[in-house]
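Fold and geometry: a report
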Amino acid sequence: MSHTIVLLPGDGIGPEVAAAARAVLEAVAPHHGLSLTFESHDIGGCAIDAHGDPFPEATAKACATADAVFLGAVGGPKWDGGGPRPEAGLLALRKTLGAFANLRPITLFPGLEHLSPLKEERVAGTDMLIVRELTGGIYFGDKVEGDDHASDLCSYSRDEVERIARIAFAAARERKGRVTSVDKANVLATSRLWRKTVVALRDADYPDVELDHVLVDAMAMKLIEQPSAFDVILTENMFGDILSDEASVIAGSIGLAPSASLSQTHGGLYEPIHGSAPDIAGQGKANPIGAMLSAAMLLRHALDAGGAAAHIERAVADCLAGGVGTADIGGTEHTDAVIAAVCDRIGEAG
Ligand code: NAI
Ligand code: MG
């Protein structure tokens, strides 16, 4: 069976890293009996230039029927002057796909501990996955906006909590078997519902997964005090927004970090966490590793091809351990040389 993957290269370094994602997918596919078909479409600034719309109809249609969507990045100074915004394309895309679960792995690769702003001995062995609820909570609750008073309502239903918690428990089973649920149950009613729901679900359906609870303020400290202590971190929308940004700097370069946004109705959206990096676009300086690891997440979550995903992840780790890398991680290679090295490694380890 063939799978259709929609590539949305976007702007800036987006096309350079989308090429990296495609290259590793094509390299790994034959080793795992996968047949992949690629389609590229416009999104963001390039789509505004070509179609006057950051999320053109043809892009929307292709994404809605694809088995998975890979995004490079959107935006840049060219479109900052007024008129339609490239980011509007990204928001429309997330809505089209119904993406409710944001997954961000934070991995410290052996040999790259020195890139971390934290002490090497403290970060060594860090390998966590942040699972953030993406469609509920205070960002989407009723708002009152006045000159003398304003309010934002934080609301969660049991179903919404269960849905995201299942993602975290399932992920933990494939990892180290531990979930740390982050809330503010000493103060917030939504957090007390969150905690009760997570505990009941674990007891009923995931008794093999270890579960603990940490208050979000304490978590902000623990993340940098002992990042290697965590496996899967499960949290709601706003807490996850803040904690995932905090955690993203632990591993060093932003160019290394992948992400996935999962959906119940579609194959999901896979993208490196970095933006379009206009300062280095077109110069062969873009680190393609975050995009490659996002492609691995695509295989694992959209195509149920965990073996192929691990194959890419091993090749990336081997190349990094061997000193292959772009300037942001202290290397000397061009983007294309890193892509070639990882693809060669995938072939050798087939
Ligand atoms: P950025 O992530 O594009 O760049 C921040 C810094 O990290 C820059 O110095 C850049 O050169 C470096 N960098 C980023 N990715 C890299 C990579 N793969 N390899 C090596 N170095 C890398 O964030 P910034 O500068 O705040 O935003 C630039 C544009 O990207 C803006 O228009 C922004 O709106 C957009 N953006 C888009 C996102 C998306 O498409 N999901 C996310 C964040 C920003
Ligand atoms: Mg944020």
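Before reading further, recall that the structure is shown in the block above.
An account of the accompanying structure is given in this report.

Reading the values: rules and limits
Residues numbered from 1 in each chain as written. Chains lettered and ligands numbered in written order. Predicted model: local features only at pLDDT ≥ 70, side-chain atom pairs only at ≥ 80, totals over all residues. Near = placed C-beta within 6 Å. Nonpolar A, V, L, I, M, F, W, Y, C, P; charged D, E, K, R; others polar. Helix = DSSP H or I, 4+ residues; strand = E, 2+ residues; numbered from the N terminus. Expected span 1.5 Å × (residues − 1). Buried ≥ 20, exposed ≤ 12 C-beta atoms within 10 Å, placed from the backbone. Axes fitted to C-alpha atoms, helices over the stretch in contact; angles between N-to-C directions. Left-handed = near helix turned anticlockwise from the far one by under 90°. Contact = placed C-beta atoms within 7 Å. Core = buried A, V, L, I, M, F, W, Y, C linked by C-beta atoms within 7 Å. Pairing = 2+ DSSP bridges.

1. Observations concerning the site of ligand 1
Near ligand 1, the surroundings consist of 21 residues, among which G75, G255, H274, G275 and N287 are the closest. Considered class by class, the residues forming the shell around ligand 1 number nine nonpolar, nine polar and three charged.

2. A look at helix α1 (residues 14-28)
In this model, α1 (15 residues) spans 21 Å end to end at C-alpha, consistent with the 21 Å of a helix rising 1.5 Å per residue. Within α1, 13 of the 15 residues are buried, which leaves it mostly tucked inside the rest of the structure.

3. Brief notes about the packing of helix α3 (residues 57-65) against helix α4 (residues 86-97)
Their axes nearest at 10 Å, the elements α3 and α4 cross at an angle of 35°. Like other packed secondary-structure pairs, α3 and α4 cross with a definite hand, here right-handed. Contacts between α3 and α4 pair A60, C63 and A64 from the former with L93, T96 and L97 from the latter.

4. Describing the nonpolar core
V24, F70, V131, A168, M292, A295 and I312 are the most contacted members of the largest nonpolar core, which has 109 residues in total. For this core, the element with the highest residue contribution is helix α10 (residues 289-302), accounting for 10 residues. Not counting residues up to four positions away in its chain, the partners in contact with V131 are A101, L103, I164, I167, A168, A171, V232, I233 and L234.

5. What to know about the sheet that holds strand β11 (residues 258-263)
Backbone hydrogen bonds are what pair the strands of a sheet, in a parallel or an antiparallel way. Judged by pairing direction, the sheet is mixed, and its 10 strands sit side by side in the order β2-β1-β3-β12-β11-β4-β5-β10-β8-β9 without closing on themselves. In this open sheet, the two edge strands, each paired with only one partner strand, are β2 (35-40) and β9 (210-215). Put simply, the sheet's adjacent strands are angled 25° from each other on average, direction ignored. Summarising the sheet, strand β1 (residues 2-10) and strand β3 (residues 68-73) pair through five bridges and their orientation is parallel. Within the sheet, the bridge partner assigned to V6 lies in β3 and is V69. Each of β4 (99-107), β5 (127-133), β8 (178-183), β10 (232-235) and β11 touches helix α6 (residues 158-174); the most contacted strand, β5, lies at about 165° to it.

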